[in-house]
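One-letter residues, chain by chain:
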Amino acid sequence: MTEKTIHQPTSALETIRQTRIQKLADLADKGVNPYPYAFDKDADAKFLQDKYKDLPAGEETEDTYSVAGRVMAMRNSGMFIDLMDSTGKIQIFSHKENLDEDTMKILKLIDLGDIIGFTGTIRRTPRGELSIKATSLKVLSKSLLPLPNKQISEEKKEQLKSHTTLTDVETKYRQRYVDLIVNEQTRDTFRKRSLIIQKIREYLTKQGFIEVETPMLHTQASGANARPFITHHNALDMDLTLRIAPELHLKRIMVGGLNEKIFELSRCFRNEGIDTRHNPEFTMIELYQAYVDYNEMMVLTENLVSTVAQEVLGTMKVQYGDNLIDLTPPWDRKTMLGSIKEFTGIDFNDFFTAEEAIAAAKKLHVPVEDTDNWGQVVEKVFEVTVEPTLIQPCHIIDYPREISPLAKIHRDNDRLTERFETRVNGWEIANAFSELTDPIDQRYRFEAQALAKANGDEEAMSYDEDYVTALEYGLPPTGGMGMGIDRLVMLLTNSPTIRDVIMFPTLKNVN
RNA sequence: AGACCAGUGGCGCAGUGGUAGCGCAGAAGACUCUUAAUCUUUUGGUCGUGGGUUCGAAUCCCACCUGGUCUACCA
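Given the structure is predicted, the values throughout are model-derived calculations rather than measurements.

Peer 1: Can you help me understand helix 8 (residues 184–206) in this one?
Peer 2: Given 3.6 residues to a turn, an α-helix orients residues that are three or four positions apart in the same direction. For helix 8, spanning 23 residues, the distance from its first C-alpha to its last is 32 Å, which sits close to the expected 33 Å at 1.5 Å a residue. If you check which residues of helix 8 are buried, you get T186, R187, T189, F190, R193, I196, I197, K199, I200, Y203 and L204. Count one or two residues on from helix 8 and you reach G208, which has phi positive near 95°.

Rendered as structure tokens:
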């Protein structure tokens, strides 16, 4: 247990730690501050590897650089050091001919994991490794705890797939800093996450969207079907909930007419279970565009996701597990009722009562409640019969109105709404509507949800009176779309669990 | 919340009832153009926690803790 190793170190670890603490004293004796304030570095590993890629083996230059990074490997008693910075690795060559006696003594006090700055000239060793022939060094941060294991070069990792440095997932999540130090793949995933978010902002900004911020503390959680976290404001002596979705606030902004296109990219909180695709706090983007309907949102979703994939990965064809997923637009569109009919031969639009629909669902061995309404039954049948088959990107369109209280009634079928959910790899990654703009209808839909809640549906949507008031001032025809960023990152980084794309996933406290 | 699986030095692992082992890391030394450097010697673990069965438990049983996978809720 990692906590135990921190608070009650076993003797092997404590021995290493005490040895290193002694080295702090030895450094102090030599007038070295092991935790200084700054270091004047002027090059990164990758910059040097690129600049001198054609320098022949055995060649030396007069070019002098200062680099800084973490010591990941030492050979020949410190004569060769693999120094890792955030861009890559470069070898440090420390020969007694080039370093004074005091510096050689300091070199002896360096451990794996220490952060050191080196200054010296560029050379390529006879064996072909680009190196800095050190003329001076500066301890930048002394590491007191050992790294999980020796860092191995990428080529060697390829040859020895079984030899990994940190595989214990609990340590990876609880001590992500250690995971980041030793696992290049972890670093790569989170750099890609950052890039994905950057590209989303870039794309939307180019399309004329502006980014806005709405509250995370709500007096009432609404805009989605989920149980909220509840907290308390002391000065106001008032309970607040963490938001489950930003939707209703964003549409208030659309009523206000701040901009025809807005988005918010931020954290939401849902007090639900934790598994490979759910974390209690997760990142979503919601965007709204005036004067368009859900058809436009489908095009936007496809273009946004495929463009981000192209810019981050250099391709729209993404390998996820055993599946090669082609994100090239346009994506398939299937109506919910049509896809159910395709898979079961049954057209639920033929059933005019919940009872008929429930009977049909039971024949298909889909578990339903006798209290379910027509729309809930249709959704459950869809989830069991159709959803698992949807690997390639697909918009499932036209959801039942009972389960879509914020979406506009379908222009051709008043039992349905103009809503779609985008499925990729079997997951819901986006949810979008022609937004419901009619305040009278919105009030009616909230009342239906309130009734469901009164009848025990814990996750029925809360009635937000002020939101209806906002609609009464007039919301233009609007298309809206929400997308789970974590799942998109999972898809684009081939990550099997959401914990691999959330830096510090929610875990139980260890006593 | 339920089912199943896992927990052995800092890390990665072996060990299915009879004296707790290996590799790396650590320490001491050798070696000064190495690449997971190499070579010699060596420290370190009450086997997740607590009970139980047994002459004897890392190993069998029970409970609990933490994690994982699946299922349910959910995105």
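Continuing now.
Peer 1: I keep staring at the packing of aromatic side chains and nothing clicks. Help me out?
Peer 2: A ring pair, where both rings are aromatic, is described by two values, the distance of the centres and the angle of the planes. Enumeration over the complete set of coordinates arrives at eight aromatic pairs. Between F47 and Y65, the aromatic rings sit 6.1 Å apart at their centres with planes inclined by 75°, giving edge-to-face as the arrangement. Residue F47 is located in helix 3 (residues 45–51), and its partner Y65 is located in strand 1 (residues 60–75); the two are separated by 18 residues in the primary sequence. Consider the rings of F446 and Y467, whose centres lie 6.3 Å apart with planes at 75°: the pair is edge-to-face. Taken as a pair, F446 in helix 14 (residues 439–454) and Y467 in helix 15 (residues 465–473) lie far apart in primary sequence, 21 residues in all. Assigned by exposure class, F446 and Y467 land together as buried. An aromatic cluster of at least three residues, connected via ring pairs, comprises F47, Y52 and Y65. The lysine or arginine in question, R123, covers the ring of F93, its NZ or CZ lying 4.4 Å from the ring centre.

Peer 1: Looking at this structure, how should I read the pattern of salt bridges?
Peer 2: Side-chain pairs of opposite charge can arise whenever the charged atoms involved come near each other. Tallied over the full model, the rule gives 38 salt bridges. For E14, the salt bridge is made with R17, and the minimal N-O distance between the two is 3.3 Å. With a gap of three residues between them, E14 and R17 both fall in helix 2 (residues 11–29), about one helical turn apart. We classify R17 as partly exposed; its relative accessible area is 29%. When the shortest N-O distance is used, the salt bridge between E465 and R443 registers 3.0 Å. Taken together, the residues span a long stretch of sequence, with E465 in helix 15 and R443 in helix 14 at a distance of 22 residues.

Conventions we followed
- Residues numbered from 1 in each chain as written.
- Chains lettered and ligands numbered in written order.
- Predicted model: local features only at pLDDT ≥ 70, side-chain atom pairs only at ≥ 80, totals over all residues.
- Heavy atoms only, no water.
- Helix = DSSP H or I, 4+ residues; strand = E, 2+ residues; numbered from the N terminus.
- Expected span 1.5 Å × (residues − 1).
- Buried < 20%, exposed > 50% of the residue type's maximum accessible area, 1.4 Å probe, protein only.
- Phe/Tyr/Trp six-rings, centres within 6.5 Å; stacked < 30°, edge-to-face > 60°.
- Lys NZ or Arg CZ within 6 Å of the ring centre and 35° of its normal.
- Salt bridge = Lys/Arg side-chain N within 4 Å of Asp/Glu carboxyl O.

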